[in-house]
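Summary of structural features
Okay, here's what each chain looks like letter by letter:
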Amino acid sequence: MGTGIQIWSTAKTLATGAIIGLTISDRYLTIVTTKGDSMHPTLTAADSFFRGDVVFAERGCLDKYKFSRGDVVIFKCPSDHNKDFVKRLIALPGEWIRIPVSQEIIKVPEGHCWVEGDNADRSWDSRSFGPIPLGLIKGRVTHIIWPPSKMGRVERKWPEDSAICSVYLQVNQPKGQLKP
Amino acid sequence: MSRFLRRLAGAPWRAIVESAISRAVVVGCGVTVIDERVVSLTYPRGPSMLPAINIMGDLVVADKLSARYGWVSPGDVVQFVSPEDPRKTVIKRVLGMEGDAVTYLVDPANSDVSKTVVVPKGHIWVQGDNIHNSTDSRQFGPLPYGLVNGKICCRILPLKGFGSIDSKQ
């Protein structure tokens with residue numbers, strides 16, 4: 001009899017913990033393991049137990065979809081909903097961007113954004129699949145928590161040589177695909 | 001009177017408040033988890049799904065589990081985050097899965113010119129039942145499946161329309 005009550009109370013505690021944990025991870029803050037070297041040197045692949053960096057991702061930004069250029073975001077791969085990618089947000093809706101390969105300038109459509117990996121040579125990102133809908137974004141990476149040597153905030157940075165075009169283009173050439 | 005007050009003051013208020021708060025937190029979290037991962041209720045609005053769903057006043061159940069695991073097939077009505085404005089959630093019918101060829105009328109009001117597209121990998125083709133008044137894949141193209149967050153499995157209100165959502169109603 002005593003063991004039955006004990007099992008029941010343990011199960012209740014576990015279920016409560018799981019529910020609270022899931023709520024926090026769905027709504028506020030979650031822990032993600034990253035793999036691959038597309039974000040080198042911000043996030044690196046390693047031979048450690050986790051095979052990469054472990055990071056905190058906050059979900060508060062999803063309430064209003066307010067992002068800034070340079071944020072590191074987690075999003076669902078547009079061609080496979082089971083895969084999550086981590087990349088840096090380069091351009092927001094309505095901004096102009098130059099595709100490095102073709103030197104073409106395009107405008108990021110409403111409700112979309114442009115994401116790129118920090119390691120341009122080893123990254124499969126908007127340069128291949130184009131702008132992605134903001135709705136695919138599932139969180140913003142804020143801190144690295146493992147390995148201890150890299151523990152700390154993930155900086156919001158914005159590559160200097162990036163493809164964003166300056167404001168005068170928006171003024172002078174209002175729409176369509178342009179050649180610089 | 002004073003005896004009553006004395007008894008009131010003697011009640012274990014602290015314990016009562018503590019247990020009430022902790023229960024409220026757990027129930028609140030439980031509701032959030034179910035709403036986010038299992039089922040939720042939605043009030044769809046707008047003319048795009050006429051006549052299957054009315055412009056206003058319907059209450060439907062969105063099944064989040066099927067959407068998460070990809071148990072969606074052509075003919076189902078799904079709920080997804082609009083690719084044009086992430087703050088909006090819209091409801092449309094799935095007409096094609098990845099690899100399917102979909103034929104649609106470009107401008108149903110004025111001509112019968114039709115176009116055929118093949119839906120790319122990881123995408124689906126969605127259209128409103130009311131093709132004359134719907135913003136859907138005909139404008140924004142194939143939809144990445146990752147935006148789908150619910151499958152509409154049945155209608156609750158109005159009560160006489162209870163049940164699944166057919167296109168011929």
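Because the structure is a prediction, the values reported are computed rather than measured.

A few words on the nonpolar core. One finds A:Phe67, A:Phe75, A:Ile137, B:Ile124 and B:Val148 to be the most contacted residues of the largest nonpolar core, which totals 29 residues. Secondary structure elements with two or more residues in this core: strand 3 (72–77), strand 4 (80–91) and strand 7 (112–116) of chain A together with strand 3 (77–81) and strand 7 (123–127) of chain B. Ranked by size, the runner-up nonpolar core spans ten residues in total, among them A:Met39, A:Leu43, A:Val72 and A:Val154.

Time to look at the environment of A:Asp53. Residues and elements named next belong to chain A. With respect to the helices, strands and loops of the structure, Asp53 is situated in the loop between strand 1 (29–33) and strand 2 (54–58). Given the relative accessible area of 1%, Asp53 is considered buried. Placed 101 residues apart in sequence, Asp53 and Val154 show a C-alpha to C-alpha distance of 12 Å.

Regular strands place side chains that alternate from one sheet face to the opposite one. All names here are of chain A. Where strand 5 (residues 96–99) meets strand 6 (residues 104–107), four bridges bridge the pair, whose relative direction is antiparallel. Residue pairing across strands places Arg98 opposite Ile105, the latter belonging to strand 6. Adjacent in sequence and paired antiparallel, strand 5 and strand 6 are bridged by four residues, among which Gln103 carries a positive phi angle near 60°.

Before going further, it helps to examine the UniProt feature "active site" (unreviewed entry) in chain A. All names here are of chain A. Following the UniProt record, one finds the feature "active site" (unreviewed entry) at Ser38 and Lys87. A maximum C-alpha distance of 7.9 Å is found for the annotated residues, which run over 50 residues; spatially they form one tight group. Within the annotated group, the residues that form the lining of the largest pocket are Ser38 and Lys87. A relative accessible area of 12% means that Ser38 is categorised as buried. Dropping the residues within four chain positions of it, Ser38 is found in contact with Val86, Lys87, Gly117, Asp118, Asn119, Arg122 and Ser123. Relative to the assigned elements, Lys87 resides in strand 4. Its relative accessible area of 5% is what places Lys87 among the buried residues. Not counting the four nearest positions on each side in its chain, Lys87 is found in contact with Ser38, Met39, Asp71, Val72, Val73, Phe75, Val115, Glu116, Gly117, Ser123, Trp124 and Asp125. Among the polar contacts made by the side chain of Lys87, one reaches the side chain of Ser38 at a distance of 3.0 Å.

Here is what the cut-offs are and how they apply
Residues numbered from 1 in each chain as written. Chains lettered and ligands numbered in written order. Predicted model: local features only at pLDDT ≥ 70, side-chain atom pairs only at ≥ 80, totals over all residues. Heavy atoms only, no water. Core = buried A, V, L, I, M, F, W, Y, C linked by side-chain atoms within 4.5 Å. Buried < 20%, exposed > 50% of the residue type's maximum accessible area, 1.4 Å probe, protein only. Helix = DSSP H or I, 4+ residues; strand = E, 2+ residues; numbered from the N terminus. Pairing = 2+ DSSP bridges. UniProt positions renumbered as here; feature names shortened; annotations may be inferred. 1 Å grid on protein atoms, 1.4 Å probe; cavity = no way out; pocket = protein on both sides within 12 Å on 5 of 7 lines; lining within 4 Å. Contact = heavy atoms within 4.5 Å. Polar contact = N/O pair within 3.5 Å; in protein donor to acceptor, adjacent residues only side chain to side chain.

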